[in-house]
Amino acid sequence: MSVILEVKSLSKKFKDFDAVKNLSFTVNQGDVYGFLGQNGAGKSTTIRMLLKLIKPTAGEIIFSGKNIQQDNDILRQTGAIIEKPDLYKFLSAYDNLAIFAKMSGVKVTRSLVMDQLKMVGLADRSGSKVKTFSQGMKQRLGIAVALVHSPKLIILDEPVNGLDPQGI
């Protein structure tokens, strides 16, 4: 299997606090990994570094053979949800997904959007405004957004927040 993500000696320090200290791991294509740990253990901080939302204090992140600090392409090849999805609440589920697909460089078609909505169980609510959705429905729409551009890497931070057993 080919390596898709390699994290080498990654650290993040906030003033005198070590949020992440000397973390290393490798993810092969097709693998599924999960970060488990107590609140404050550095899981979300690590994910934010992987997505270039915050800069590591030390270490490096290699995605598809490239250091992400020198290459912005990781964001085009990654699907992500961090804690809860940010969506346009006054737009429909369909319009939200179409906008995010277009921003990801995907050729937007009705069948693509509806297939994604069907996959997450929201096809019947495609025309409903997101402001009418429960937290679980917003989470499922966020998952559709993360997957709509067929990313090489999917990063989900607490992806089952607000989901019922069927949604999980």
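Going by the structure above, here's the rest.
Predicted model only: the values in this text are computed from it and were never measured.

The rules behind each value
Note on numbering: residues in each chain are counted from 1, in written sequence order. Local features in this predicted model are restricted to residues of pLDDT 70 or higher, and side-chain atom pairs are both shown and tallied only at a pLDDT of 80 or more, whereas totals for entire chains, interfaces and linings draw on every residue. Note: side-chain values were computed over all heavy atoms of the structure, leaving out hydrogens and water. To get an axis, a line is fitted to the C-alpha atoms, and for a helix only the part in contact is used. The angle between two axes follows their N-to-C directions and goes from 0 to 180 degrees. In DSSP terms, a helix is any run of H or I states spanning at least four residues, a strand is any run of E spanning at least two, and both are numbered starting from the N terminus. Between 65 and 115 degrees an angle is taken as roughly perpendicular, under 35 as roughly parallel, over 145 as roughly antiparallel, and anywhere else as oblique. In this scheme, a crossing is called left-handed if the near helix is turned counterclockwise away from the far one by less than a right angle; it is called right-handed if the turn is clockwise. We call two residues in contact when some of their heavy atoms are within 4.5 Å. Burial here depends on accessible area, computed with a 1.4 Å probe over protein chains only, as a share of the maximum for the residue type. Under 20% is buried, over 50% is exposed, and the range in between is partly exposed. Strand pairing follows a simple DSSP-based rule, namely that at least 2 bridges must link the two strands. Surface patches are defined over residues having more than 30% relative accessible area and no salt bridge, joining like charges when they lie within 9 Å and nonpolar side chains (Val, Leu, Ile, Met, Phe, Trp, Tyr) when within 5 Å. Throughout, the Shrake-Rupley method with a 1.4 Å probe supplies accessible areas, and for residues the shown protein chains are the sole cover considered. Salt bridges are defined as contacts in which a side-chain nitrogen from Lys or Arg sits within 4 Å of a carboxyl oxygen from Asp or Glu. In summary, the pairing rule links any two rings of Phe, Tyr or Trp, Trp by its six-membered ring, whose centres are within 6.5 Å, and it sorts them by plane angle into stacked for under 30 degrees, edge-to-face for over 60 and tilted for everything else. By nonpolar core is meant a set of buried Ala, Val, Leu, Ile, Met, Phe, Trp, Tyr and Cys residues that side-chain atoms within 4.5 Å join together.

(A) Broad picture of the packing of helix H2 (residues 93-103) against helix H4 (residues 135-147). Contact geometry for H2 and H4: axes closest at 9 Å, N-to-C directions at 25 degrees. Relative to H4, H2 is oriented roughly parallel. Both H2 and H4 take part in a crossing whose hand is right-handed. Taking contact as the criterion, the partners of Ala93, Asn96, Leu97 and Phe100 in H2 are, on H4, Leu141, Ala144 and Val145.

(B) Geometry of H2. Within H2, the full set of buried residues consists of Ala93, Tyr94, Asn96, Leu97, Ala98, Phe100 and Ala101. Elements that come into contact with the buried residues of H2 comprise helix H3 (110-119) and H4. Gly105 sits one or two positions beyond H2 and adopts a positive phi of about 85 degrees.

(C) Geometry of the side chain of Ser126. Here Ser126 shows up in the loop between H3 and H4. Accessibility expressed as a relative area gives 14% for Ser126, which makes it buried. In contact with Ser126, other than residues within four places in its own chain, are Ser92, Ala93, Tyr94, Met114 and Leu117.

(D) How the structure looks around the sheet that holds strand S1 (residues 3-14). A sheet is described by the order of its strands in space; here 4 strands give the open sequence S2-S1-S3-S4, paired in antiparallel fashion. Of all strands in the sheet, those bounded by a partner on one side alone are strand S2 (17-28) and strand S4 (66-67). With 5 bridges joining them, S1 and strand S3 (residues 58-63) adopt antiparallel strand pairing. In the sheet register, Ser11 faces S3, and the bridge partner there is Ala58.

(E) A nonpolar patch on the surface, seen in detail. A cluster of nonpolar residues, Tyr88, Ile99 and Met103, forms a patch on the protein surface that exposes about 290 Å² of accessible area. Tracing the backbone through its elements, the reader meets Tyr88 in the loop between strand S5 (78-82) and H2. Looking at Tyr88, the relative accessible area reads 39%, which means it is partly exposed.

(F) Just the packing of aromatic side chains, in detail. One pass over the full model with this rule turns up 2 aromatic pairs. Note on Phe25 and Phe35: the rings are 5.6 Å apart at their centroids and 80 degrees apart in plane angle, and the pair reads as edge-to-face. Of this pair, Phe25 sits in strand S2 while Phe35 sits in the loop between S2 and helix H1 (43-50), and the two are 10 residues apart along the sequence. The class of Phe25 is buried, set by a relative accessible area of 17%.

(G) Examining the pattern of salt bridges more closely. In this structure the tally under the stated criterion is 2 salt bridges. The residue Glu60 makes a salt bridge to Lys8 at a minimum N-O spacing of 3.9 Å. Of the two residues, Glu60 is situated in strand S3 and Lys8 in strand S1; the sequence distance between them amounts to 52 residues. Residue classification places Lys8 among the partly exposed positions, given a relative accessible area of 31%. Between Lys13 and Asp18 there is a salt bridge, with its nearest N and O atoms 3.9 Å apart.

(H) Representation of the nonpolar core within the structure. Core analysis: the largest hydrophobic core is formed by 24 residues, its most contacted members being Leu97, Leu117, Leu122, Phe133 and Leu141. Sorting the residues of this core by element identifies H2, H3 and H4 as the ones contributing at least two each. Setting aside chain neighbours within four positions, we find Leu117 in contact with Ala93, Tyr94, Leu97, Leu122, Ala123, Ser126 and Leu141.

Just distances and angles here, no functional claims.
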